[in-house]
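What follows is each chain in one-letter form.
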Amino acid sequence: MKFSRYGCFGCFDEERVALLELKASFCSPDCSSFPAWEDEESDCCGWERVECSNTTGRVLKLFLNNSRELSEEEYSCLNSSLFVPFMELKLLNLSTNMLTCLGDDDDGFERVIKLNNLELLDLSNNSLNNSILTSLTELSSLKSLSLGTNILEGSTQELAALHNLEELDLSNNILDSFITTEGLKNLTKLKVLNLKTNYFNISALKSLGILSSLKELYLGTNKLEGSVTLKEMNDLRNLEVLDLSSNNLSSSILQIVELMTSLKALSLRSNGINGSQPVVQGFCKLKNLQELDLSDNGFEGSISPCLGNLTSLRALDLSKNRFSGNLDSSLFAGLLSLEFLSLSHNFFQTFPPISSFAKHSKLEVLDLICGNNTLLLENEDQSWVPSFQLKVFRLSSCILKTTSILSFLHHQYDLRVIDLSDCNLKADFPSWLMKNNTRLEELNLKNNSLMGYFHLPNRPNIFTSAIDISNNHLHGQLPSNINVSFPNIMFLNMSWNSFGGSIPSSFGGMRNLLFLDLSNNSITGGIPDDLAMGCPSLEILILSKNGLHGQIFPRVPNLPSLTHFLLDGNHVSGKIPDLSNSSGLERLDLSQNSISGKLPGWIGNMTNLEGLVMPNNHLEGSIPVEFCSLDALQLLDLSNNNLSGSLPSCFSPYSLIHVHLQGNHLTGPLTKAFTRSMDLATLDVRNNNLSGNVPDWISMLSGLSILLLKENDFQGKIPSQLCQLSKITILDLSHNNLSGHIPSCLNKIRFRTGFRSGKYSMISYFQPPTQFSSYLYQSQYIELSSQVNLNSYPIANDKALAEFTTKNRTDFYKGNFLYSMTGIDLSSNKLTGTIPPEIGDLSLVRALNLSHNSLTGPIPAAISGLKNIESLDLSYNNLTGTIPGELTELTSLAVFSVAYNNLSGRIPEMRAQFGTFLENSYAGNPHLCGSLLKKNCGTAGEEEEEADEGGEKGLTERGTFFVSFGAAYVGVLLGVAAVLYINGDWREKWFHFVDVFFKSCCCLVMHLARKLSC
């Protein structure tokens, strides 16, 4: 034995030299991975990463994992001969070193066969391929081998030679075959086998039945599909851990696992297994279960009460299933070992009060997210004190019988994550939650009715990373010292409240802030310089719909990580700020402000820009040619500004979906803009001064759904290429100078409602790079799905918008209304010719406007094929002939006009929808007739027949008149005679009256005769 200056227990010189050579092979001399490894005669057994034998002084363990400098990006090979001096080495960890192989130019890793005592070898998280397998076959003493997270593929048959193996990790590779049945017979000592995240199929699971010594089997995230039989799995009945998560196994697996009575941990998560209570009841036989994960399946019905007998359970995850019914407190009463319980996203009707868990002193995680379902909590006893201290409590989207904050939370002092969102809580803001729980990392109270002020804790909370108090009724000033209270906060959402005042400059002191949303408040003033200059990590900045004014950023901001900046709906002015330092910008929304000036060319350098939204401002000038570089652009909205000039012909982003340029002063033809934008769904250039022909290349836009060219100066014919746009739902070419005929091929367009609804909406999300909470429940065997809670936060939802005139009014169609709207507007042009009968094939069109043209000929009867038409306007043309009676079959028609044409004949019968139309629907057609128009519609024959019938009727009525008149006259005379006969006084006066009357008449006649004779 060679003695060092440290005595007989010092490390050997050859081993110290080998260690220094290893250091040199891993990194440069001044690297930080081996700070204590010095080039002198020191005791290497005292170096970090090294452990030696207390007996021989030889190196026993080398922890060289993650040793390469991070700045070295190239993968490399490690000279395996450097390990030869370590004759007693038992543990070698070389994981996470970007290794592609182990070997030298001569012998390769075969030199390591001299390490006869090596028992544990960790080569995980490198880039090793199958060539490494042959080099390992002679390590006969090896008990534990980890090759996880490499690039192994195909089979690993070579590993059958390692007959002493007890633990083998091949997870996260590209393997689809393991070891043959004959080879598996050599692995009689194998206890732990990890094959997660590969491409193994169901046959691999069946072949493993021969490994009777196996205690732990991990096969999650593979291609296991179908069923297995009890015979194939019979020898695995001694398994203690079985992970089959994220596969596609059938429910037959349930009948097998219920016989594995030795199981301590079972995960069937994400298999799509369906089962009801009788099937689930089989798990009750597994008395030794400590961890059970059945989440993300299709289990339904009520939870079997026998689960309450599994008294060893520490972790139970039943989330994301279809369990229902009423949960009784007795189900959990005996599960006093519970540490983790997740029942989220099911269909339970009621849940027992939290006081049911009062004696569960080990409980750490209680996850009760209801999702879209209802989970009714009974009213709680306010006096109970829990024996547990929760780390995670989620009670989101639940219907509570109480609107106050749950009382037991006053006794919690170690919470790391609390989520009470969407619970309709009506109380003052619970500032005591932050005060009591000094290690609180995530606080989510959004979508409630919390009131009062947002009071901050008196002491800084260095652990808090995420706060969401959006959509409440909080008011007052924004906290001025928020950067002191939460120095490490990464996510802050205070939107949809009533906060007022200005943004404090202290917001610029949150250097770790990734997400800030202050939108939909009453905040005034400007954006402080500190916010623009002091938040280098800020990715999302949302200040929409406030009362902010002044310039956006007085100086060039220092926001290098900014990806989304939303300032819409404020009163800011000035020019667009210089955001050229934010090279990763994905969305810029400055809409509905008073921004002026020209569009800056630096926007063209934003190669990640997906949404540029600036409508309703005072922008001027032309669209810069630099915009032609925006290949990632999906949404462009510059509508209702003062932009001029022509569209750059090179502007044609591949990813473009929605274009809104209406309400500007753009001129010239469309040239070849948009020719490469094959996914374009909306093109709105209304109300400009564009001219030239509607381009033939428009047919290249095969995905176009909404085409709005209204109120421009387009000329020429309507190109037949439009008929190739099979996905069109709204077509508006009105108010132009188009001429020629209406293309008969329009019937080739199906006008299917909602056909491209998936393209109509664009939702932007914020995906946190890591979990905001560092707390992770330490399950002993299996990874629990509810542990990973990386939420995606929606930032913007861009729903396609189309302004379209129908039913005599102009409406904006958006969302579901747009999905169901279809229409064609060719009005106010110079179109000639007849209405093609093929137009009647458009049975799904809801609006058709051909008015104010010079169309001639009759209205085709085929137009009655427009079965879903709601508005039909053919007015102000030169149409002739009659109105087809078949139009009365259009039962959805609400607006109809054929006014000011040369139509003749009887108007359609006033029934169904045509009974609702007024006279103005037919005005300006002098030859139309009908009762509604107060004009007789009879023909000559009909009039003669009516005259004969009228003459006969007149004679009959005249004879009747004379008879009745004579009878009445005689009756009157007889009546007068009778009265005079009965009453003598009246008789005397009557005769006196007659005598005077006759005398007067005689005098009058004589007087007139004398005048005539003179």
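Since this is a predicted model, take the numbers as computed values, not measurements.

Novice: Any chance you could explain helix α1 (residues 13-26) here in plain terms?
Specialist: Given a rise of 1.5 Å per residue, 14 residues ought to cover 20 Å, and the 20 Å separating the end C-alpha atoms of α1 matches this to within 8%. The set of residues buried in α1 consists of Asp 13, Glu 15, Arg 16, Ala 18, Leu 19, Leu 20, Leu 22, Lys 23 and Phe 26. Buried residues along α1 sit against β1 (50-52), β2 (59-63) and β3 (76-78).

Novice: When you look at the environment of Asn 617 in this model, what are you seeing that I'm missing?
Specialist: Residue placement: Asn 617 occurs in the loop between β42 (611-613) and β43 (618-621). A sequence separation of 23 residues divides Asn 617 from Ser 594, and the C-alpha atoms of the two residues are 5.0 Å apart. Residue contacts for Asn 617: discarding those within four places in its chain leaves Leu 590, Ser 591, Gln 592, Asn 593, Ser 594, Ile 595, Asn 640 and Asn 641. Engagement of the side chain of Asn 617 in a polar contact is seen with the backbone nitrogen of Ile 595, the distance being 3.0 Å.

Novice: I keep staring at the environment of Gln 412 and nothing clicks. Help me out?
Specialist: With respect to the helices and strands, the residue Gln 412 is situated in the loop between β26 (392-394) and β27 (417-419). Taking the relative accessible area as the measure of exposure, Gln 412 reaches 0% and is therefore buried. Separated by 24 residues in the primary sequence, Gln 412 and Asn 436 have C-alpha atoms spaced 7.3 Å apart. Dropping the residues within four chain positions of it, Gln 412 is found in contact with Pro 386, Phe 388, Gln 389, Leu 390, Asn 436 and Asn 437. Only 3.3 Å separates the side chain of Gln 412 from the backbone oxygen of Phe 388, close enough to count as a polar contact.

Novice: Honestly, the packing of aromatic side chains in this entry has me stumped. Any pointers?
Specialist: In this description, a pair of aromatic rings is defined by centroid distance and the angle of the planes. Per the counting criterion, the structure on display carries 23 aromatic pairs. Ring centres of Trp 37 and Trp 47 lie 5.4 Å apart, and the angle between their planes is 25°; this geometry places the pair in the stacked category. Of this pair, Trp 37 sits in the loop between α1 and β1 while Trp 47 sits in the loop between α1 and β1, and the two are 10 residues apart along the sequence. Relative accessible area serves as the criterion here: at 2%, Trp 37 is assigned to the buried category. By relative accessible area, which is 5% here, Trp 47 ends up buried. Seen from their ring centres, Phe 299 and Phe 323 are 6.2 Å apart, and the 10° between their planes marks the pair as stacked. Note that Phe 299 is positioned in strand β19 (residues 298-301) and Phe 323 in strand β21 (residues 322-326), a separation of 24 residues in sequence. For Phe 299, a relative accessible area of 0% translates into the label buried. Residue Phe 323 is classed as buried on the basis of its relative accessible area of 1%. Feature note: the residues Phe 26, Phe 34, Trp 37 and Trp 47 constitute an aromatic cluster, connected by ring pairs. Taking NZ or CZ as reference, Arg 58 lies 4.1 Å from the ring centre of Phe 12, over its face. Its end group placed over the ring of Tyr 654, Arg 676 keeps NZ or CZ at 4.4 Å from the ring centre.

Conventions used here
- Residues numbered from 1 in each chain as written.
- Predicted model: local features only at pLDDT ≥ 70, side-chain atom pairs only at ≥ 80, totals over all residues.
- Heavy atoms only, no water.
- Helix = DSSP H or I, 4+ residues; strand = E, 2+ residues; numbered from the N terminus.
- Expected span 1.5 Å × (residues − 1).
- Buried < 20%, exposed > 50% of the residue type's maximum accessible area, 1.4 Å probe, protein only.
- Contact = heavy atoms within 4.5 Å.
- Polar contact = N/O pair within 3.5 Å; in protein donor to acceptor, adjacent residues only side chain to side chain.
- Phe/Tyr/Trp six-rings, centres within 6.5 Å; stacked < 30°, edge-to-face > 60°.
- Lys NZ or Arg CZ within 6 Å of the ring centre and 35° of its normal.

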